[in-house]
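Architecture at a glance
Below are the chains, spelled out letter by letter.
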Amino acid sequence: MAKRDGCTTRCSAGGSGGIGFPLLLLSVLLAASALQGMRCVSMRGGLRIEKQRARIAATKKTIRGDIVVRNAALEVENSHLTLELPYDEAHSIRILGRSEVRVSKSRIESQPYQFYVECRSLPSGSPKVVSREAEWLNHAGIRLYGSSIFAAEGGEVAELQMHDRSQAYVRKAYVYPVFFPGSGPFHLAGLRLGDSVCLDVVGPSGWRFRADSCAITGYHVDIPEGCTLQIVDSEGIGISLHSTGHEPRVTYLSSLTSEVPRSFGFSAFGASVEVVQSQIATLNIYVVGSDTVVVRDCVVNEAQTDGSAVLSLIGGQCYYDLVQARDASTLLLEEVQPMRWPDNSGGSVLAMDHARVIFRRCGVGGLTLTAMGSARIELIECSGVDSLRIRQVGNGRIRIAPPL
């Protein structure tokens, strides 16, 4: 059930427990090994901190690799860390086991592609992250697994994923919450967008997300096989659908997204969704195995194919956020127009291994296309090709037929 009381919305789907505002006052006692003065440092091979305490202060670092904190303590203060990536999700920040990380008045980002942050419990314990007036930029999610704890006050958190029994408390920050309910029933109601949103959402597995006076421009729900999702009186909802890899026939999905609230229902990939006077704003679609899926007239955010899967996006629009084809899969885009992010970026498309991506009569202006391994990307009668950014790595090839 959901209820609104003042600025608070509580959406409960089982589970209990949580964290409180005192977590924002966690003191991470770290030995000082600070680099004094705002210095620029370039690091190859990444950064690994294990069973020790470390501090990075007043430093500007470019890191070409992963940052791994395992059963350790790290403090980042008044610093700017940039992960340099050759393609989306090539590198990450992994905070593992009984680790404590504190980030204050700092910026952590990646260029030119997206990294991700993974917080995961180990037998030694669970990680805790405290973020104060920090910016986490250009990432594909801060992903909380196990009994991880994340607390933030101020700054920009962006995508924050709730899994397992994780706990998150965010106050006066920008955040984009992503809920992973797992199989079984999950009910959401009364989710609103705005600059000062308060809510408390509890997931079936015990995760809990709390926001106090936060800027929220959207929500997202990942819908696995076996999930029964009901969304009531909510706006700005994105959904993720995953093929099972053994679909008996072609799956057709049409007009799932809209600009206004409406009521409808659908079933796909062993999951069922009921939408009651709510807005589904965007769709993420992931197709695996030998499945074939056709998506018509939707606003798509992410689209990924693996194995020998075939995914066709026909009509509609796409943000091109983590659009990737791997293995021997095929991704076809026909008459799809690009959506622009607030920073006017055009997004990117990656083809790897022996995958094939085909654009037919699409708007592609501003996109970054990368073909790696033996992958192929073809553009047929597309507009905006003059502003494409193209990368061909290894035997990857990109072919542009005459534009419209």
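Refer to the preceding data block for the structure.
Owing to the predicted nature of the structure, the values given are computational and were not obtained by experimental measurement.

What to know about the sheet that holds strand E25 (residues 251-254)
Strand order in the open sheet made by the seven strands is E25-E29-E31-E34-E37-E39-E41, with parallel pairing throughout. Edge strands, defined here as strands with exactly one partner in the open sheet, are E25 and strand E41 (397-400). In this sheet, adjacent strand axes meet at a mean angle of 10° when their direction is disregarded. Of the strand pairs in this sheet, strand E29 (residues 292-296) and strand E31 (residues 310-314) are connected by five bridges, and their pairing is parallel.

A word on the sheet that holds strand E19 (residues 184-189)
Strand order in the open sheet formed by four strands is E19-E23-E27-E26, and the pairing between neighbours is mixed. Both outer strands of the open sheet, E19 and strand E26 (262-268), are each paired with one neighbouring strand and no more. The average angle at which neighbouring strand axes cross in this sheet is 5°, direction not considered.

As for the nonpolar core
One finds Leu-160, Phe-179, Phe-209, Ile-285, Val-295, Leu-313 and Phe-359 to be the most contacted residues of the largest nonpolar core, which totals 102 residues. Looking at this core, the element that brings in the most residues is strand E16 (residues 149-162), giving five residues. Phe-209 has contacts with Leu-160, Met-162, Ala-168, Val-170, Val-175, Pro-177, Phe-179, Leu-199, Asp-200 and Val-201, leaving out every residue within four places of it along the chain.

Points about the packing of aromatic side chains
All chains considered together, the criterion is met by six aromatic pairs. Between the aromatic rings of Trp-136 and Phe-150, the centroid separation amounts to 6.3 Å while the plane-to-plane angle is 65°, which identifies the pairing as edge-to-face. Pair noted here: Trp-136 is in strand E14 (residues 128-136) and Phe-150 is in strand E16, with a separation of 14 residues, a long-range link. A relative accessible area of 1% means that Phe-150 is categorised as buried. Cluster of aromatic residues (ring-pair linked, three or more members): Phe-179, Phe-186, Trp-207 and Phe-209. The aromatic ring of Tyr-116 is capped on one face by Arg-143, whose charged end is 4.3 Å from the ring centroid. Across from the ring centre of Phe-264, 4.3 Å away, lies the NZ or CZ of Arg-262, which sits over that ring.

Concerning the pattern of salt bridges
In this structure the tally under the stated criterion is 21 salt bridges. We note a salt bridge from Arg-132 to Glu-153, for which the minimum N-O separation is 3.1 Å. Here Glu-153 lies in strand E16 and Arg-132 lies in strand E14, a separation of 21 residues in the sequence. Among the residues examined, Glu-153 registers a relative accessible area of 15% and is labelled buried. Notably, a salt bridge pairs Glu-381 with Arg-361, separated by 4.0 Å at the nearest N-O pair. Taken together, the residues Glu-381 in the loop between strand E39 (376-380) and strand E40 (389-392) and Arg-361 in the loop between strand E37 (356-360) and strand E38 (368-371) connect sequence positions 20 residues apart. Residue classification places Glu-381 among the partly exposed positions, given a relative accessible area of 34%.

Calculation criteria
Within each chain, residue numbers correspond to sequence positions counted from 1 in written order. Since the coordinates come from a predicted model, pLDDT governs what is reported: local features require at least 70, and pairs of side-chain atoms require 80 or more to be given and counted, while whole-chain, interface and lining totals use all residues. Here the side-chain values reflect all heavy atoms present in the structure, with hydrogen atoms and water set aside. Note: two strands are recorded as paired if DSSP finds a minimum of 2 bridges between them. Working definition: helices are DSSP H or I runs of at least four residues, strands are E runs of at least two. Numbering for both runs from the N terminus. For helices, the axis comes from a line fit to the C-alpha atoms of the stretch in contact; other axes are also lines fit to C-alpha atoms, and the angle between any two N-to-C directions lies between 0 and 180 degrees. In these notes, a set of buried Ala, Val, Leu, Ile, Met, Phe, Trp, Tyr and Cys residues joined through side-chain atoms within 4.5 Å is what counts as a nonpolar core. Relative accessibility thresholds used throughout: buried, under 20% of the residue-type maximum; exposed, over 50%; partly exposed, between the two (1.4 Å probe, protein chains only). By definition in these notes, contact holds between two residues if any of their heavy atoms fall within 4.5 Å. Think of it this way: a Phe, Tyr or Trp ring, Trp meaning its six-membered ring, pairs with another when their centres are within 6.5 Å, and the plane angle makes it stacked under 30 degrees, edge-to-face over 60, tilted otherwise. Whether a charge lies above a ring is judged from NZ of Lys or CZ of Arg, which has to be within 6 Å of the ring centre and within 35 degrees of the ring normal. Counted as salt bridges are all cases of a side-chain nitrogen of Lys or Arg within 4 Å of a carboxyl oxygen of Asp or Glu.

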